[in-house]
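Topology and contacts: notes
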Amino acid sequence: MLKKIGYFILVLLLLIGVGSFVFIKNNRPVYQGSLDMVSLTDKVTVYFDEHGVPHIFADNELDAYRALGYVHAQDRLWQMELIRRIAAGRLSEIFGKDLVKTDQFFRGLGIDAAADQTIAKLDKNGQPYLLAAAYLEGVNHFMDEGTTPIEFKLIGVDKEHYTLKDIYNVYGYMSFSFAQAHKTDLFLTELSNLLDRKYLLDLDIDISPKTTLIKNSRGMKRMASNMGTQVSEFMDDLPVPPFIGSNSWVIGPQRTKNGKVIFANDPHIGFSQPSVWYQAHLITPEREMYGFNLALSPFPLLGHNYDYAYGLTMLENDDIDFYAEPADQKYTMRKEVIKVKNEDDVSFEVKTGVHGPVMNDLLDQIDMEESITMDWIYTKFENEMLEASYHLSHSSSLQEFKDGVGKIVAPGLNIMYGDARGNIAWFAAAKLYERAEGVHSKFIMDGANGLDDQYTYIDFENNPHAINPSWHYVYSANNQPEEVNGKLYPGYYLPEDRAKRIVEVIEGSEKVSMEDVELMINDVESAVTPDIVKIMLSNISKVNLNEKEKEAIEILKDWDGDYSKEKIAPTIYFKFIYLFLKNTFEDEMGEELFEQFLQTHLYKRQIAKQMKWNRSVWWDDVKTKEVKELKDEIITRSFHQAMSELEVQFGGDIDDWIWSEALQVTHKHAFDKNGTLRSFFNVGPFTTDGGIEVINNQLFKLSPTGNYEVIAGPSTRRVIDFSDIENAKAILPTGQSGNVFSKHYKDQAEKYLKGDFVKMMLNKKEIKASKDVLVLLPKKDSIP
């Protein structure tokens, strides 16, 4: 009897094993063999390298883009499905009623409607249109003939062909996710109503003392706070990561050891699984490009070949404004219907005025007479992002490349360039404009005074840029660009930390090699933190220090700003910084507004500035009426509190307070909130080096808990040396594929954490030695 039971269990396990093997085999991407595609005109051969990057050999560009669409979809169809639904306001169709408010918000922004207007004007015979259409043919062929992603099956997604409108909606989401106005402008408007002007003058918002601020009603103040908080929540809960910041630098041949340009770029984007970029290498008789594509983006936003390389960072310019509208403002009405999974449809109306959609109707707000509209550059101009990205990847000269950059209206980008001829360049790509004197756009403005909404657009030729500068390098780290027409352009720029470190390393090297740049792009040493710590320590009262506090002070004295995971100082520093900000600002702002302050770039810029000021209206704790606190008292209080809380968190032995115990990263799948599926689809958790505003920028939210979850960082790291172009290197945070059954789902994760790279293969002989080869054939040539 026992023997029979044993045989039965063995057979059952065998069947389960065989079934699992068959299921996985049938649901993973196809990297070998041959497939037929009706739309092809000639054979296309795809060589997948050891990291899953497709190297597509085609006889013409149209076939190359059809093949790109197919292989991109087989690795990233689920990602494509998510990203096309965000800007279109269609997440509720697959996730249910919890995302109805998010859908209403994005539907109301007008991204979907703007796409219709742009597509109607496209040149249907132009190469950008034809190649994009070919790419979509490939995507849709996989949708029809390929394996359905497991995510589609688990939540019941009906397949629906992709269109050009989906591509434009991706551009729209990308553009809005760059924006900081919804966090900063609304926060500052409430602050201006809550506190005296002197408090604003002590914040790093570039506000002139002569600026006239609108005095709003109490209802306005409360609504501004609610709006900012809710929009931030929408962005945090999206199943696709937002775009945040970036580093890039291009070093001219005069400063490199091998006498050729070296290009580096690491765009900072919210971490997710799959990673945001898909690598692909297209080779045709006319052209070759190794690129990094967004989901549903036919043309790469990052790329290189034997002739040139390009990349991007976020410009962080101000391209969204909010207006308080008069009671007699006239609006047009647009009816929208949202389909909701397992629920009735939700109908609503979008009210749009001269400045844009009314935000009161798109967010949960208090009923009030004053309406707030959102004016956004992206929806005011014809969107040429498709043409721009085509030209970036199809240029034959620096001038052609510059002409393509000039087509970008929004999002605002720093476009970086370097080539084999020794040219280097940086361009601020955006539709910039000048306002009337005295108008400050970082507050909700007056929609009726005829002054606040008056501005003059700046010609692209006058945008900040540098071409082959005499200092022989260009860089961007989301910091403030140079003056435009004698004025610093308003924006939501990040502090100087990363930019200062980039310049420090380049200027401190006589000649730079590719190996130097590989180390540099993984650098975790802050150029600013040591100065902050020095001021901090000089202001801590030495009275009543216990032994552990004295030990911590010695650790901080010896610290050079290195955020390596085995260090103790970063753990102490970030705990102190949170409490320093809390003790300085929360008493005046209040708890809710202080938390909103921590969602803006403003707090990062404020840290170094506030530390330097001996006199500031913010130092006094308004809750202690009988005492007026000074700088040293706030710093000392924050230090004592930090040490007490860290001892509770990590124990009494300060040697255990290492950074890796406080900082972790997990690359989360859209199913992260499902406890059953989370561990299957997520990648991580991991410990990591890095921190906020170092070159290896690991972004997290400051927290009272002292535990920090990295939410964003380098979405790829690329280093390209034109003296050895065939050994250019890159890395992704997890892997090339978004298919959980693929061997390339997370095969780069450990390398990424170690600061390693993989080769971006260009050598044809090496590529054709790949073991994984997929041949795509026209229907007439398909193998029976």
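Described below are features of the structure shown in this document. (Residues numbered from 1 in each chain as written. Predicted model: local features only at pLDDT ≥ 70, side-chain atom pairs only at ≥ 80, totals over all residues. Heavy atoms only, no water.)

1. Here we look at the overall build of the protein chain
Along the protein chain, the regular secondary structure elements total 25 helices and 31 strands. Against the globule reference of 28 Å for 784 residues, the protein chain gives a C-alpha radius of gyration of 27 Å, in line with a compact fold. Dimensions of the protein chain, computed from C-alpha atoms along their principal axes, come out at roughly 90 × 75 × 70 Å. Here the protein chain holds 784 residues, and 61% of them are scored as buried. Put simply, of all contacts in the protein chain between residues at least 6 apart along the chain, 73% involve residues at least 24 apart. Taking the average place of the 85 positive charges on the side chains of the protein chain and the average place of its 117 negative ones, the gap between the two points comes to 3 Å. (Helix = DSSP H or I, 4+ residues; strand = E, 2+ residues; numbered from the N terminus. Rg over C-alpha atoms; globule rule 2.2 N^0.38 Å. Buried < 20%, exposed > 50% of the residue type's maximum accessible area, 1.4 Å probe, protein only. Contact = heavy atoms within 4.5 Å. Lys, Arg positive; Asp, Glu negative; His and termini not counted. Charge placed at Lys NZ, Arg CZ, Asp CG, Glu CD.)

2. Some remarks on the packing of helix 2 (residues 61-88) against helix 8 (residues 164-178)
Helix 8 packs onto helix 2 with a crossing angle of 70 degrees between their chain directions and a minimal axis gap of 8 Å. Put simply, helix 2 runs roughly perpendicular to helix 8. The residues of helix 8 that touch helix 2, namely those facing Ile83, Arg84, Ile86, Ala87 and Ala88, are Asp166, Asn169, Val170 and Tyr173. Taken together, the residues of the contact of helix 2 with helix 8 break down into six nonpolar, one polar and two charged. (Axes fitted to C-alpha atoms, helices over the stretch in contact; angles between N-to-C directions. Parallel < 35°, antiparallel > 145°, perpendicular 65-115°, else oblique. Nonpolar A, V, L, I, M, F, W, Y, C, P; charged D, E, K, R; others polar.)

3. Quick notes on empty space enclosed by the protein
To find leftover empty space, a probe the size of one water molecule is rolled over the atoms. Counted under the stated rule, the structure contains nine cavities of 30 Å³ or more. Volume-wise, the largest cavity comes out at about 90 Å³. Surrounding the largest cavity, Ser175, Phe178, Ala179, Gln180, Met314, Leu315, Glu316, Asn317, Asp319, Pro411 and Gly412 form its lining. Counted by class, the lining of the largest cavity contains five nonpolar, four polar and two charged residues. (1 Å grid on protein atoms, 1.4 Å probe; cavity = no way out; pocket = protein on both sides within 12 Å on 5 of 7 lines; lining within 4 Å. Points joined across faces, edges and corners; volume = space filled by probe spheres on them.)

4. A word on the pattern of salt bridges
Under the definition given, this model contains 38 salt bridges. Residues aspartate 63 and arginine 66 are paired through a salt bridge, measuring 2.7 Å at the closest nitrogen-oxygen approach. Here arginine 66 and aspartate 63 lie together in helix 2, a separation of three residues that amounts to about one turn. On the basis of relative accessibility, which here comes to 10%, the residue arginine 66 falls in the buried class. When the shortest N-O distance is used, the salt bridge between glutamate 693 and lysine 604 registers 4.0 Å. Residue glutamate 693 is found in the loop between strand 25 (683-687) and strand 26 (708-710), and its partner lysine 604 is found in helix 21 (residues 602-612); the two are separated by 89 residues along the sequence. For the residue pair glutamate 693 and lysine 604, the accessibility class agrees, reading buried in each case. Several salt bridges share partner residues, and in doing so they unite Glu81, Arg84, Arg85, Arg90, Glu93, Glu160 and Asp166 into one network. (Salt bridge = Lys/Arg side-chain N within 4 Å of Asp/Glu carboxyl O.)

5. Points about helix 4 (residues 100-109)
With nine of 10 residues buried, helix 4 is to be regarded as a mostly interior element. Within helix 4 the residues assigned to the buried category are Val100, Thr102, Asp103, Gln104, Phe105, Phe106, Arg107, Gly108 and Leu109. Looking one or two residues past helix 4, glycine 110 carries a phi angle of roughly 90 degrees, positive in sign.

6. Focus: the packing of aromatic side chains
In the structure shown here, the tally under the stated rule is 50 aromatic pairs. Here the aromatic rings of phenylalanine 187 and phenylalanine 597 are separated by 5.6 Å at their centres, their planes lie at 25 degrees, and the arrangement is stacked. With phenylalanine 187 in helix 9 (residues 181-194) and phenylalanine 597 in helix 20 (residues 591-597), the pair connects residues that are 410 residues apart, well separated along the chain. The exposure classification of phenylalanine 187 matches that of phenylalanine 597, with both residues buried. Between tyrosine 199 and tryptophan 618, the aromatic rings sit 4.9 Å apart at their centres with planes inclined by 75 degrees, giving edge-to-face as the arrangement. One end of the pair, tyrosine 199, is in helix 10 (residues 197-201); the other, tryptophan 618, is in the loop between helix 21 and helix 22 (631-650), with 419 residues separating them in the sequence. (Phe/Tyr/Trp six-rings, centres within 6.5 Å; stacked < 30°, edge-to-face > 60°.)

7. With respect to helix 15 (residues 497-507)
All of the buried residues in helix 15 are Asp497, Arg498, Ala499, Arg501, Ile502 and Ile506. Each element contacted by the buried residues of helix 15 is listed here: strand 4 (243-251), strand 5 (262-270), strand 21 (473-476) and helix 16 (514-521).

8. Regarding the packing of helix 18 (residues 547-557) against helix 22
Helices that pack against each other are described as a pair by the angle of their axes relative to one another and the distance between those axes. Across the interface, helix 18 lies against helix 22 with an axial gap of 11 Å and an inter-helix angle of 105 degrees. Classified by the interaxial angle, the pair formed by helix 18 and helix 22 is roughly perpendicular. Between helix 18 and helix 22, the residues in contact are Lys548, Glu549, Ala552 and Ile553 and Phe639, His640, Met643 and Glu647, respectively. Classifying every residue of the contact of helix 18 with helix 22 gives four nonpolar, one polar and three charged.

9. A few points about the pairing of strand 6 (residues 278-283)
In terms of burial, strand 6 is a largely internal element, six of the six residues being buried. With burial as the criterion, each face of strand 6 is covered, one bearing Tyr278, Ala280 and Leu282 and the other bearing Gln279, His281 and Ile283. Note: strand 3 (residues 54-57) against strand 6, three bridges, orientation parallel. Within strand 6, the residue paired with histidine 55 across the bridge is histidine 281. As defined by bridge partners, strand 6 adjoins strand 7 (residues 288-293) across six bridges and the pair is classed as antiparallel. Bridge pairing in strand 7 places histidine 281 opposite tyrosine 290. Count of turn residues in the strand 6/strand 7 antiparallel hairpin: four residues. (Pairing = 2+ DSSP bridges.)

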